[in-house]
Protein chains: 2
Amino acid sequence: MSKCEQCIVRQLNSLKSLTKKELTRISGCKTSVTIKKGETVFDEGEHLNGVYCISSGISKVSKMSSNGREQILFLIQKGDIIGERSLVSDEVSNLKATAISDMEVCFIPKEEIITDLQENPDFTMNVLKKMAASLKNADNVIVDMAQKTVKQRLAEMLLYLDTKFGHDAETVLNIHLSREDIANIIGTATESAILLLSEFKK
Amino acid sequence: MSKCEQCIVRQLNSLKSLTKKELTRISGCKTSVTIKKGETVFDEGEHLNGVYCISSGISKVSKMSSNGREQILFLIQKGDIIGERSLVSDEVSNLKATAISDMEVCFIPKEEIITDLQENPDFTMNVLKKMAASLKNADNVIVDMAQKTVKQRLAEMLLYLDTKFGHDAETVLNIHLSREDIANIIGTATESAILLLSEFKK
DNA sequence: CGATTGCTTGACCCCCATCAATCCTCGTGG
DNA sequence: CCACGAGGATTGATGGGGGTCAAGCAATCG
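Rules behind the numbers
Residues numbered from 1 in each chain as written. Chains lettered and ligands numbered in written order. Predicted model: local features only at pLDDT ≥ 70, side-chain atom pairs only at ≥ 80, totals over all residues. Heavy atoms only, no water. Helix = DSSP H or I, 4+ residues; strand = E, 2+ residues; numbered from the N terminus. Rg over C-alpha atoms; globule rule 2.2 N^0.38 Å. Buried < 20%, exposed > 50% of the residue type's maximum accessible area, 1.4 Å probe, protein only. Contact = heavy atoms within 4.5 Å. Areas by Shrake-Rupley, 256 points an atom, 1.4 Å probe, with all protein chains shown as cover. Lys, Arg positive; Asp, Glu negative; His and termini not counted. Charge placed at Lys NZ, Arg CZ, Asp CG, Glu CD. Buried area = accessible area lost by both parts, 1.4 Å probe. Salt bridge = Lys/Arg side-chain N within 4 Å of Asp/Glu carboxyl O. Polar contact = N/O pair within 3.5 Å; in protein donor to acceptor, adjacent residues only side chain to side chain. Least-squares fit on C-alpha atoms with pLDDT ≥ 70 in both. Core = buried A, V, L, I, M, F, W, Y, C linked by side-chain atoms within 4.5 Å. Arc of directions from axis to C-beta. Near = heavy atom within 4 Å. Expected span 1.5 Å × (residues − 1). Axes fitted to C-alpha atoms, helices over the stretch in contact; angles between N-to-C directions. Parallel < 35°, antiparallel > 145°, perpendicular 65-115°, else oblique. Left-handed = near helix turned anticlockwise from the far one by under 90°. Nonpolar A, V, L, I, M, F, W, Y, C, P; charged D, E, K, R; others polar.

Colleague: How would you summarise the overall build of chain A if you had to cite specific residues and measurements?
Modeller: Counting secondary structure elements, chain A contains seven helices and eight strands. The C-alpha atoms of chain A give a radius of gyration of 18 Å, which matches the 17 Å a tight globule of 202 residues would have. Principal axes of the C-alpha set define a box for chain A whose edges measure 55 × 40 × 30 Å. Counting every position in chain A, which comprises 202 residues, the buried fraction comes to 50%. Intrachain contacts of chain A at a sequence separation of at least 6 include 72% that bridge at least 24 residues. Split by element, the accessible area of chain A, about 9900 Å² in all, is 53% carbon and sulfur. Separation of charge centres in chain A, based on 26 positive and 28 negative side chains, amounts to 3 Å.

Quick look at the structure:
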């Protein structure tokens, strides 16, 4: 199993503020998992007991609404960390993470990393910063959902996908989503989303 | 000016984990302001440079959408703290706070409280917990906005108002909102919101 | 090569945004 | 004390966005 100290994705997230010593300890107790496309990383209602650090692949993070439809809240990829909320609260997860492509994921148990949270202020500050950024982002999404038309939301989503995942020389996005997933990101019926998508291509 | 050490609202928020010594220091540098109904506490684009602790009154926290309509994200009252994000990021505020009733608000400058954030792990943990809770809540709101009808959202809002502000013996809510504000919470036109509201009364 | 899953298209109609007109309420000044 | 004006609260008419259902088509997999 590879070592956290040498892992490149670490540079992308809050773990970069851990000391070498802390990293070796984390490295010793982490477990690495492969998750196939379509499988879930964790589900709503589960006890997380740790955080997940994505080595490769893409996952959607979603939540079921009471009328039985899935709402995708955001997407995560290489370098992203998910499950930080489990570190500060003992509640079960309110989100579900599902692999959109095959993934490599490292699981770091809560007991190990929580000591760093209490003793390394740099690390804590980084986690705080990330939460603050997520919160700001969530506010924007709420406004968009509440006030904008499906067409506008579709445009926002395409921009989001482009800034997060980029596109190749032929302007094709570096991420493949099913029509249903697209609709579940912007919160609409699949049919309407697609209709507007084809309009955009002109 | 009254002292933070004796302030009751402190027990309601993260400040409760500060030591007596820290509190006296904070108390010395805080400024207390009265804000009349309709005036703004701070606006989008402002540099906050500190946090606000509400002593009394109610404020709506909102954000303008690009099509010029206001979206209210949440309401705050006695004991709530707002502006924590300014402690961890140097960006300008993305939100606006407006008094819905006359208010008493204490302002604590960033320089003072940030040292506590770095040196008192209890306090930091409390701030983290509050952010985690806000984030979880924001996720729920996103799902509601994206998937539920105006009628369902109206019902959710009434529940929210009741749990947050309570009601008197005659089941009248302890908060008075204009029709426009009601509409701006659930993200709809004023007329539709009111139509459904009258239905509920039956 | 069937069979299951996902994509596309169209018809229908309900929810709700928009606009407009009227009514109520309350603060202001005469 | 009353008249008046302005902002808020109701009510209604209208049209379009988009949700829902259904059927046909393409693609993928065992």
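Back to the write-up after that little detour.
Colleague: So what's going on with the interface of chain A and chain B? Residues and values would help.
Modeller: Interface size is commonly expressed as the accessible area that is lost once the parts come together. With 39 residues of chain A at the interface, the matching set in chain B holds 39 residues. Interface area for chain A against chain B, summed over the two sides, is near 3800 Å², with a carbon-plus-sulfur share of 67%. Per-residue buried area on chain A facing chain B is highest for A:Leu128, A:Ile142 and A:Gln147; these three make up 17% of the total on that side. At the junction of chain A with chain B, the criterion picks out four salt bridges. With its nearest N and O atoms 3.2 Å apart, the salt bridge here joins A:Asp139 to B:Arg85. The tally of links from chain A across to chain B stands at 15 residue pairs in polar contact (both at pLDDT 80 or more). For the side of chain A that touches chain B, the secondary-structure elements that each account for two or more residues are strand E4 (59-64), strand E5 (70-76), helix H2 (85-88), helix H3 (110-119) and helix H4 (121-147) of chain A. Broken down by element, the residue count for the side of chain A that touches chain B peaks at 20 residues, all from H4(A).

Colleague: So what's going on with the relation of the copies chain A and chain B? Residues and values would help.
Modeller: If you rotate chain A by 180 degrees and push it 0.0 Å along the axis, it lands on chain B with an RMSD of 0.1 Å. Taken together, the rotation angle and the small translation identify this as a two-fold axis. When the interface residues of chain A are mapped onto chain B, 100% of them again lie at the interface, so the same face is used by both copies.

Colleague: Residues and numbers for the nonpolar core, please.
Modeller: If you look at the biggest cluster of nonpolar residues, it comprises 42 residues, and the most contacted ones within it are A:Tyr52 and B:Tyr52. Contacts of B:Tyr52, omitting those with residues within four sequence positions, involve B:Val41, B:Phe42, B:Asp80, B:Ile81, B:Ile82, B:Val105, B:Cys106 and B:Phe107. Core analysis: the second largest hydrophobic core is formed by 40 residues, A:Ile26, A:Ala132, B:Met131 and B:Ala132 among them.

Colleague: Quick rundown of H3(A)? Include the residues and the values.
Modeller: One full turn of an α-helix is made of 3.6 residues, so residues set three or four places apart face in the same direction. Residues of H3(A) that are buried: A:Lys110, A:Ile113, A:Ile114, A:Asp116 and A:Leu117. Projected onto a plane normal to the axis of H3(A), the buried residues spread over an arc of 155 degrees and lie on a single side. Turned more than 90 degrees off the buried face of H3(A), the exposed positions are A:Glu111 and A:Glu119. Those residues of H3(A) that are buried lie in contact with helix H1 (20-29), strand E3 (50-56), H2, strand E8 (103-109) and H4 of chain A together with helix H4 (121-147) of chain B.

Colleague: Can you explain the protein's contact with DNA strand D? Please cite residues and give values.
Modeller: Looking at DNA strand D, the residues that line it are A:Arg69, A:Thr149, A:Val150, A:Thr188, A:Ala189, A:Glu191, A:Ser192, B:Ser178, B:Arg179, B:Glu191 and B:Ile194. Per the 4 Å cut-off to the protein, sugar and phosphate atoms form 73% of the nearby atoms of DNA strand D. A:Val150 is positioned with one of its backbone polar atoms (N or O) 2.9 Å from a phosphate oxygen of DNA strand D.

Colleague: How would you explain the side chain of A:Ser86 if you had to name every residue and give the values?
Modeller: Residue and element names in this part refer to chain A. Looking at the secondary structure, you find Ser86 in helix H2. A relative accessible area of 8% means that Ser86 is categorised as buried. Within the structure, Ser86 has its side chain in polar contact with the backbone oxygen of Gly50 (distance 3.2 Å). Only 2.8 Å separates the side chain of Ser86 from the backbone oxygen of Gly83, close enough to count as a polar contact. If we ignore the near neighbours within four places in the chain, the residues touching Ser86 are Leu48, Asn49, Gly50 and Lys110.

Colleague: Could you give me a rundown of H4(B), with the residues and numbers involved?
Modeller: Here H4(B) spans 39 Å end to end across 27 residues, near enough to the 39 Å set by a 1.5 Å rise per residue. One side-chain oxygen of the residue at the start of H4(B) lies 3.0 Å from the amide nitrogen of B:Asp122, identifying that residue as B:Asn120.

Colleague: Account for the side chain of A:Asn94, naming residues and giving values.
Modeller: Topologically, A:Asn94 is positioned in the loop between H2 and strand E7 (96-99). Under the relative-accessibility criterion, A:Asn94 is labelled buried at 10%. At 2.8 Å, the side chain of A:Asn94 forms a polar contact with the side chain of A:Arg85. For A:Asn94, the residues in contact, after removing those within four places along its chain, are A:Glu44, A:Lys63, A:Arg85, B:Lys136 and B:Asp139.

Colleague: Lay out the packing of H1(A) against H3(A) with the relevant residues and their values.
Modeller: Packed helices, taken two at a time, are described by the angle their axes make and the gap between the axes. Residues and elements named next belong to chain A. Two numbers describe how H1 lies on H3: the axes approach to 10 Å, and their chain directions differ by 165 degrees. It follows that H1 is roughly antiparallel to H3 by the angle criterion. Viewed along their axes, H1 and H3 form a crossing whose handedness is left-handed. Contact residues: Glu22, Arg25, Ile26 and Cys29 in H1; Glu112, Ile113, Thr115 and Asp116 in H3. Here the residues of the contact of H1 with H3 sort into three nonpolar, one polar and four charged.

Note that every value here comes from positions in space, so none of it alone points to a role or purpose.
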